[in-house]
Amino acid sequence: MPSLSPGSSASSSVWRDADFRRLWAGQTASQLGEHTTLVVLPLFAVLALDAGAGQLGALRAVGQVPILLISLLAGAWVDRWRARTVMVLTDAARAVALGAAAVAGLFGLLGLPALFVAAFTVGALSVLFDVAYQASLVRLVRRDQLLQGNSALEGSRSAAQIGGPALGGVLVSLLSAQVAAASGALFFAVSFMSLRRIRLAEAVPEHHERAPRVRHRIRDGLRFVAGHPLLRAVCLASAAFQFSFAATMTVYLLFLPRELHLSGATVGLALAATGPGALLGSVLAARLPGRYGHGVVLVSAAVLGNGALLWVPALHGSSAVTVAALLAVNFVFGAFGQLVNVTVMSVRQAVTPDGMQGRAAATITFVGMGSAPLGSLLGGFLAQGWGLRTSLLVTAAGMMLSPAVMAASPLGRLGRRLPL
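Residues numbered from 1 in each chain as written. Predicted model: local features only at pLDDT ≥ 70, side-chain atom pairs only at ≥ 80, totals over all residues. Heavy atoms only, no water.

A. Main features of the environment of serine 126. In this structure, serine 126 sits in helix α6 (residues 112-136). Spatially, the C-alpha atom of serine 126 lies 9.0 Å from that of proline 66, the residues being 60 residues apart in sequence. A distance of 2.8 Å separates the side chain of serine 126 from the backbone oxygen of valine 122, its partner in a polar contact. (Helix = DSSP H or I, 4+ residues; strand = E, 2+ residues; numbered from the N terminus. Polar contact = N/O pair within 3.5 Å; in protein donor to acceptor, adjacent residues only side chain to side chain.)

The following block contains the structure:
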């Protein structure tokens, strides 16, 4: 385990540990593969297969429905397994799944049915990986170092947000879906090789002979989160955000190429602007909550970040001004969105016992992101009936429900120090 001496910065102490560097490298590659795939599959459906709004909404929903199906099981499993083992196995499986999609493309079989299968498979494996990732940091650092530790690790997620969307857009636009899918498989393979080299003797909190049955462990996780006022508020705010964000992104991915007439590469570039913003958000998350209070930072950042997307429906044409405006909007959204993500994750980890980390993360994922498939379907439905511009304005406005929930809950009253 990395030794973090009091008085030293968490990031510098952690970075001296070789296992942490392997974790960082593996997570970066895995997130790059995931963010590339999240853009490749929808863009290929829109640009190459001429998918309609309903079909795109369904494709995105299929990739998100594993959150509802296996999140709670994933939490129960992760609390019994080593996080490293889960991450290694899921990376290997995602590499195989996307590799198979690339091969299918070579034989002309990469149509909508194959995209649906690939989206579901990668989505299911990503749920397992993400729950294990969220539980892993608590097994590496002390609780009073979680904010700095999350800030350091979330920087790698930000790097993926910079490269993934841009790379996915360029590959689909200039080369082929086969190459794009193969690139995602390569990233997952790199992550697999990096994570499997971790030598840390990771402790699993609950590993005794007569462990409770899975359904009992899931029930305990649900009761713990529902009974904790802070975690309950996190669930509600997350559900409000993820539902509206999923609807917004479904319309957004149609609005950019069809209403603004942007190429796949330009769409990828615009989406990638969230990455530099997220890097800034990761840095700010290590400083602002301790200076101004966690509640103030959470509510303010959510208002600014989510509110930035309200400007997108006002854009017209594919001029340089439009592209610059999209870059600015996505940068602001990425910066303040990441500030919220890191702060919320630190709150959740700080108030959750070690043996409940996986189940708490999975329960919040289940309640919060479980609404995303419905949001994606709603986005496709609205785009068909109301038009892209009006639908984008309505769904983006819905994202403001999240900061409203946080402001009215105990989250909005958190001070400078986390409850430990």
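Further notes follow.
B. How the structure looks around the pattern of salt bridges. By the definition in use, this model includes 4 salt bridges. For arginine 94, the salt bridge identified is with glutamate 34, shortest N-O distance 3.6 Å. You can see arginine 94 sitting in helix α5 (residues 83-106) and its partner glutamate 34 sitting in helix α2 (residues 18-47), a full 60 residues away along the chain. Across this residue pair, the class does not change: arginine 94 and glutamate 34 are buried. Aspartate 91 is paired through a salt bridge with arginine 94; the nearest N and O atoms lie 2.9 Å apart. Placement of the pair is aspartate 91 and arginine 94 together in helix α5, with a separation of 3 residues, close to one helical turn. Across the pair, arginine 94 and aspartate 91 agree in class, each one buried. Here the salt bridges share partners, and the residues they tie into one network are Glu34, Asp91 and Arg94. (Salt bridge = Lys/Arg side-chain N within 4 Å of Asp/Glu carboxyl O. Buried < 20%, exposed > 50% of the residue type's maximum accessible area, 1.4 Å probe, protein only.)

C. Just the side chain of threonine 90, in detail. Relative to the assigned elements, threonine 90 resides in helix α5. Among the residues examined, threonine 90 registers a relative accessible area of 4% and is labelled buried. For threonine 90, the side chain forms a polar contact with the main-chain oxygen of methionine 87, separated by 3.1 Å. Setting aside residues up to four positions removed in sequence, threonine 90 forms contacts with Leu125, Leu128 and Phe129. (Contact = heavy atoms within 4.5 Å.)

D. Expanded view of the environment of glycine 334. Considering the arrangement of structural elements, one finds glycine 334 in helix α15 (residues 320-351). Spatially, the C-alpha atoms of glycine 334 and leucine 279 are 8.2 Å apart, while their sequence positions differ by 55 residues. Apart from the residues lying within four places of it in its own chain, the contact partners of glycine 334 are Thr274, Gly277 and Ala278.

E. Layout of unusual backbone geometry. Here histidine 261, not a glycine, exhibits a phi torsion of approximately 60°, which is positive. Inspection of the secondary structure assignment puts histidine 261 in the loop between α10 (229-259) and α11 (264-272).

F. Region of interest: the packing of aromatic side chains. Tallied over the entire structure, the rule returns 2 aromatic pairs. Plain terms: the ring middles of phenylalanine 241 and phenylalanine 245 are 5.3 Å apart, the flat faces sit at 10° to each other, and that makes the pair stacked. Taken as a pair, phenylalanine 241 and phenylalanine 245 lie in helix α10 at a separation of 4 residues, close to a single helical turn. Measuring from ring centre to ring centre gives 5.6 Å for phenylalanine 245 and phenylalanine 333, while their planes differ by 20°; the resulting arrangement is stacked. With phenylalanine 245 in helix α10 and phenylalanine 333 in helix α15, this pair connects stretches of sequence that are 88 residues apart. Of the residues examined, phenylalanine 333 reaches a relative accessible area of 11% and is grouped as buried. What links up through ring pairs into an aromatic cluster is the set Phe241, Phe245 and Phe333. If you follow arginine 94 out to its NZ or CZ, it ends over the ring of phenylalanine 129, 4.8 Å from the centre. (Phe/Tyr/Trp six-rings, centres within 6.5 Å; stacked < 30°, edge-to-face > 60°. Lys NZ or Arg CZ within 6 Å of the ring centre and 35° of its normal.)

G. Region of the structure containing the environment of serine 71. Structurally, the position occupied by serine 71 is in helix α4 (residues 66-78). Since its relative accessible area comes to 0%, serine 71 is described here as buried. Dropping the residues within four chain positions of it, serine 71 is found in contact with Pro66, Val127, Ala362, Thr365 and Phe366.

H. The arrangement of the side chain of glutamate 34 in detail. Overall, the relative accessible area of 13% leaves glutamate 34 in the buried class. Among all residues touching glutamate 34, those that are not within four sequence positions of it are Arg94, Ser126, Asp130 and Phe188.

I. Here's a closer look at the nonpolar core. Ranked by internal contacts, the top residues of the largest apolar core, which has 31 residues, are Tyr252, Leu256, Val312 and Leu326. It is α10 that provides the largest number of residues to this core, a total of 8 residues. (Core = buried A, V, L, I, M, F, W, Y, C linked by side-chain atoms within 4.5 Å.)

J. Just the packing of helix α3 (residues 53-64) against helix α17 (residues 372-386), in detail. Interaxial distance between α3 and α17 falls to 8 Å at its minimum, and their mutual angle equals 175°. The angle between α3 and α17 falls in the class roughly antiparallel. Between α3 and α17, the contacting residues are Ala53, Gly54, Gly57, Ala58, Arg60, Ala61 and Gln64 on the first element and Ala372, Pro373, Ser376, Leu377, Gly380, Ala383 and Gln384 on the second. Its residues assigned to classes, the contact of α3 with α17 comprises 7 nonpolar, 6 polar and 1 charged. (Axes fitted to C-alpha atoms, helices over the stretch in contact; angles between N-to-C directions. Parallel < 35°, antiparallel > 145°, perpendicular 65-115°, else oblique. Nonpolar A, V, L, I, M, F, W, Y, C, P; charged D, E, K, R; others polar.)

K. Highlighting helix α12 (residues 274-285). Between the first and last C-alpha of α12 there are 16 Å, a value that for 12 residues agrees with the 16 Å anticipated at 1.5 Å per step. Listed in full, the buried residues belonging to α12 are Thr274, Gly275, Gly277, Ala278, Gly281, Ser282 and Ala285. In a view along the axis of α12, the buried residues occupy a sector of 155°, so they form one face of it. (Expected span 1.5 Å × (residues − 1). Arc of directions from axis to C-beta.)

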